[in-house]
Amino acid sequence: MSTPHNSAEKGQFAKCVLMPGDPLRAKFVAEHFLEDIKLVNQVRNMLAYTGTYQGRPVSVMASGMGMPSIGIYSYELYKFYDVDSIIRIGSAGAYDEKLKLYDLILADSAYSRSSYALCQSGDTEEIQYPDAGLNYSIQDAGKRLGIPVTLGRIHSSDAFYCEPGQPGYEFYRKEKNCLCVEMESFALFHNAKVLGKKAACLLTISDSAVTKEETTAKERQNAFTNMMKVALEAAVRE
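First, a word on scope: everything that follows refers to the structure included in this document. (Residues numbered from 1 in each chain as written. Predicted model: local features only at pLDDT ≥ 70, side-chain atom pairs only at ≥ 80, totals over all residues. Heavy atoms only, no water.)

1. Section: the pairing of strand β10 (residues 198–208)
Argument step 1. Of all eleven residues in β10, nine are buried; the element is thus mostly enclosed.
Argument step 2. Sheet topology note: the strand β5 (residues 85–94)/β10 ladder contains ten bridges and is parallel. Residue pairing in the sheet places R88 in a bridge with C201 of β10.
Argument step 3. Two elements, strand β6 (residues 104–111) and β10, share three bridges in a ladder whose sense is antiparallel. Looking at the pairing, L106 lines up with L202 of β10. (Buried < 20%, exposed > 50% of the residue type's maximum accessible area, 1.4 Å probe, protein only. Helix = DSSP H or I, 4+ residues; strand = E, 2+ residues; numbered from the N terminus. Pairing = 2+ DSSP bridges.)

Listed below in structure tokens is the structure:
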């Protein structure tokens, strides 16, 4: 069995999948944290691996950038590969001056102006939610590892570059109560909802709209290890 976007056979994905945006981050997680890894997909270079962590099967697969991309890959994992849980592990831009580079944010909700949910199922809600139980597992993993995790609402945006006159970060922070911005979780949460599955989003602050600090592309690929450790610790308890 395969799909137009995934050459893996049924049974080659674990029940819980970690999903970074960057294929090279998926490769990094597999090679540095998993044992007995097997490359199960490389269609369009959207790398996916399955291995074990603490003796338990775990998969990691890239989603690409944006809601249409994660919408395809997460839907197929849930619908055709019997995946139960997806934990997005991504980067985010801070909207709050209290957030520093490399801080971890766990989404308790995702606000978006996106039409993804409307197009996919007729859902007009502007806020989508993760699975509460999966979020609890991630928070508990952070506590056990001694890694602080901040819980809050995130902004999922369809556009990375916006023309002058569009709402800035101050609007989303003050009016929508968003701590940071990324581009995928609204669609992931929606897919999980319509398919009766579980989803969560754990993010590392890679830059700040407030202070203008930012990390490099290489750091975003390789240095977000606290996020990876927390997500893996939660995944093996799913």
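Read on, since the account is not over.
2. Things to note about the side chain of D96
Argument step 1. Tracing the backbone through its elements, the reader meets D96 in the loop between β5 and β6.
Argument step 2. Of the polar contacts made by the side chain of D96, one reaches the side chain of R173; its length is 2.8 Å.
Argument step 3. With sequence-adjacent residues up to four places away left out, D96 is seen in contact with R173, L179 and V210. (Polar contact = N/O pair within 3.5 Å; in protein donor to acceptor, adjacent residues only side chain to side chain. Contact = heavy atoms within 4.5 Å.)

3. Section: the packing of aromatic side chains
Argument step 1. The full count for this structure, using the stated rule, is seven aromatic pairs.
Argument step 2. Pairing Y111 with Y172 gives two aromatic rings, centres 6.3 Å apart and planes at 45 degrees, and the pair type is tilted. With Y111 in strand β6 and Y172 in helix α5 (residues 169–174), the pair connects residues that are 61 residues apart, well separated along the chain.
Argument step 3. Its relative accessible area of 5% is what places Y111 among the buried residues.
Argument step 4. Y172 sits in the buried class, given a relative accessible area of 5%.
Argument step 5. Clustering of aromatic rings is evident, with ring pairs tying together Y95, Y111, Y169, F171 and Y172. (Phe/Tyr/Trp six-rings, centres within 6.5 Å; stacked < 30°, edge-to-face > 60°.)

4. Let's talk about helix α6 (residues 185–195)
Given 3.6 residues per helical turn, the α-helix brings residues three or four places apart onto the same face.
Argument step 1. With eight of eleven residues buried, α6 lies mostly within the body of the structure.
Argument step 2. S185, F186, A187, L188, F189, H190, N191 and A192 are the residues of α6 that are buried.

5. Regarding unusual backbone geometry
Most peptide bonds take the trans configuration, and most residues that are not glycine carry a negative phi.
Argument step 1. In this structure, R44 is a non-glycine residue whose phi angle is positive, near 55 degrees.
Argument step 2. Topologically, R44 is positioned in the loop between β2 (35–41) and β3 (48–53).

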